[in-house]
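What follows is the residue order along each chain.
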Amino acid sequence: MASSPNLSELVSTEASDASVGLVGAPLAAGSVTPGRCDLAPGLLRQTLRRIGRYDVETRSELATQVLDRGNVEIADLTIEDATPRIRDAVTESAAAHALTLLVGGNNAVTRPGVLGLRAPLDKVGLITLDAHFDMRDLDGGLGNGNPVRALIEDGLPGANIAQVGLASFANSRKMHEDALAAGHCVITIGEVRQHGIDQAIARAVDHVAHCDAVVIDCDIDVIDRSQFPAAPGGRPGGMAVHDFFYAVRRLAADPRVRVIDLTEWDPPLDSTDLSALTAARWVAECLAGYEMR
């Protein structure tokens, strides 16, 4: 019996004219909780065959071709040494494709994802779906807990940053106050539940309306830990996975969005396939949103 079309059929290493590029950034160095986020890009690729292409809600079938540009060679490198390699890989992908999917790796890949656009930072917006501010101090160097603060130090204005899904008992007062003082749009997970994910994303998009290009950081620990066990920073009370899928699709539909990353997936933490299926579905939602442009 013939199998149904699946997502892996859209991903090729030869589709040079593809609208979407896929870049693996298997970075594990500098994680607050040491783990194996470096395994995520490989498992994502393996799982794509288990995700279909037909959406019963819209009665449409995904057709966008994706060029798999492989993994950036960063094994055993520090974040400081890996950053320029990831940045350059994003630059090459962004020059060839309308949208780049950057698969981490830990959250430290977000900074080179932004810098890879090679655009003036006052023209670039950043929207994070994340339980954390990622505003830890830089005194100890770069880590997966401070890419947003590092980008501010690089010159990214706080007025260009919107953060959705922030969790209680997972951040510090200083991070919160610094984010507000810098001008971030701060939307907690409680606000998402109270007012709905559609309003939260509308607020985030409106906050970066003045930006010419936008990067979306999907730190997978924004999802409730019961629905994505393989995120070291995930906690009970996080975002419902269906809200996460909605947010990703809605954001990918914005033609200004040039890079969407997926970070903080540590495959060995989930002995089932739940986390892998959720991560692979993220690709489908990115493509579904792209096809809405």
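Whatever comes next refers back to the structure up there.
Just so we're clear, the structure is a prediction, and the values are computed from it rather than from any experiment.

Undergrad: Now, about the overall build of the protein chain: what can you tell me, with residues and values included?
TA: In terms of helices and strands, the protein chain carries 9 helices and 11 strands. The proportion of buried residues among the 293 residues of the protein chain is 55%. Across the protein chain, the fraction of contacts at a sequence separation of at least 24, relative to all contacts at a separation of at least 6, is 78%. With an accessible surface of roughly 12,200 Å², the protein chain has 49% of that area assigned to carbon and sulfur atoms. Here the protein chain holds 26 positive side-chain charges and 40 negative ones, and the gap between their average locations is 2 Å.

Undergrad: Can you break down empty space enclosed by the protein residue by residue, with the values?
TA: Summed over all chains, the structure comprises 2 cavities of 30 Å³ or more. Of the voids in this model, the largest cavity is the one considered here, and its volume is about 50 Å³. Every residue along the wall of the largest cavity is listed here: Ile79, Thr83, Ala108, Arg111, Pro112, Leu142, Gly143, Asn146, Pro147 and Ala150. The residue makeup of the lining of the largest cavity, split by class, is 6 nonpolar, 3 polar and 1 charged.

Undergrad: Account for the state of the cysteines, with residues named and values stated.
TA: Counted under the stated rule, the structure contains 0 disulfides. Cys185 forms no disulfide, and the closest cysteine sulfur to it belongs to Cys211, at a distance of 12 Å. Given the relative accessible area of 9%, Cys185 is considered buried. You can see Cys286 has no disulfide; the closest cysteine sulfur is in Cys218, sitting 6.1 Å from it.

Undergrad: Describe the packing of helix α8 (residues 241–252) against helix α9 (residues 274–290), naming the residues involved and giving the relevant values.
TA: A pair of packed helices can be characterised by two numbers: the angle between their axes and the separation between those axes. In contact at an axis separation of 7 Å, α8 and α9 are set at 35° when each is read in the N-to-C sense. α8 and α9 meet at a crossing whose hand is right-handed. Contacts between α8 and α9 involve Val241, Phe244, Phe245, Val248, Arg249 and Ala252 on the former and, on the latter, Thr278, Arg281, Trp282, Glu285, Cys286, Ala288, Gly289 and Tyr290. For the contact of α8 with α9, the residue count by class is 9 nonpolar, 2 polar and 3 charged.

Conventions we followed
- Residues numbered from 1 in each chain as written.
- Predicted model: local features only at pLDDT ≥ 70, side-chain atom pairs only at ≥ 80, totals over all residues.
- Heavy atoms only, no water.
- Helix = DSSP H or I, 4+ residues; strand = E, 2+ residues; numbered from the N terminus.
- Buried < 20%, exposed > 50% of the residue type's maximum accessible area, 1.4 Å probe, protein only.
- Contact = heavy atoms within 4.5 Å.
- Areas by Shrake-Rupley, 256 points an atom, 1.4 Å probe, with all protein chains shown as cover.
- Lys, Arg positive; Asp, Glu negative; His and termini not counted.
- Charge placed at Lys NZ, Arg CZ, Asp CG, Glu CD.
- 1 Å grid on protein atoms, 1.4 Å probe; cavity = no way out; pocket = protein on both sides within 12 Å on 5 of 7 lines; lining within 4 Å.
- Points joined across faces, edges and corners; volume = space filled by probe spheres on them.
- Nonpolar A, V, L, I, M, F, W, Y, C, P; charged D, E, K, R; others polar.
- Disulfide = S-S within 2.5 Å.
- Axes fitted to C-alpha atoms, helices over the stretch in contact; angles between N-to-C directions.
- Left-handed = near helix turned anticlockwise from the far one by under 90°.

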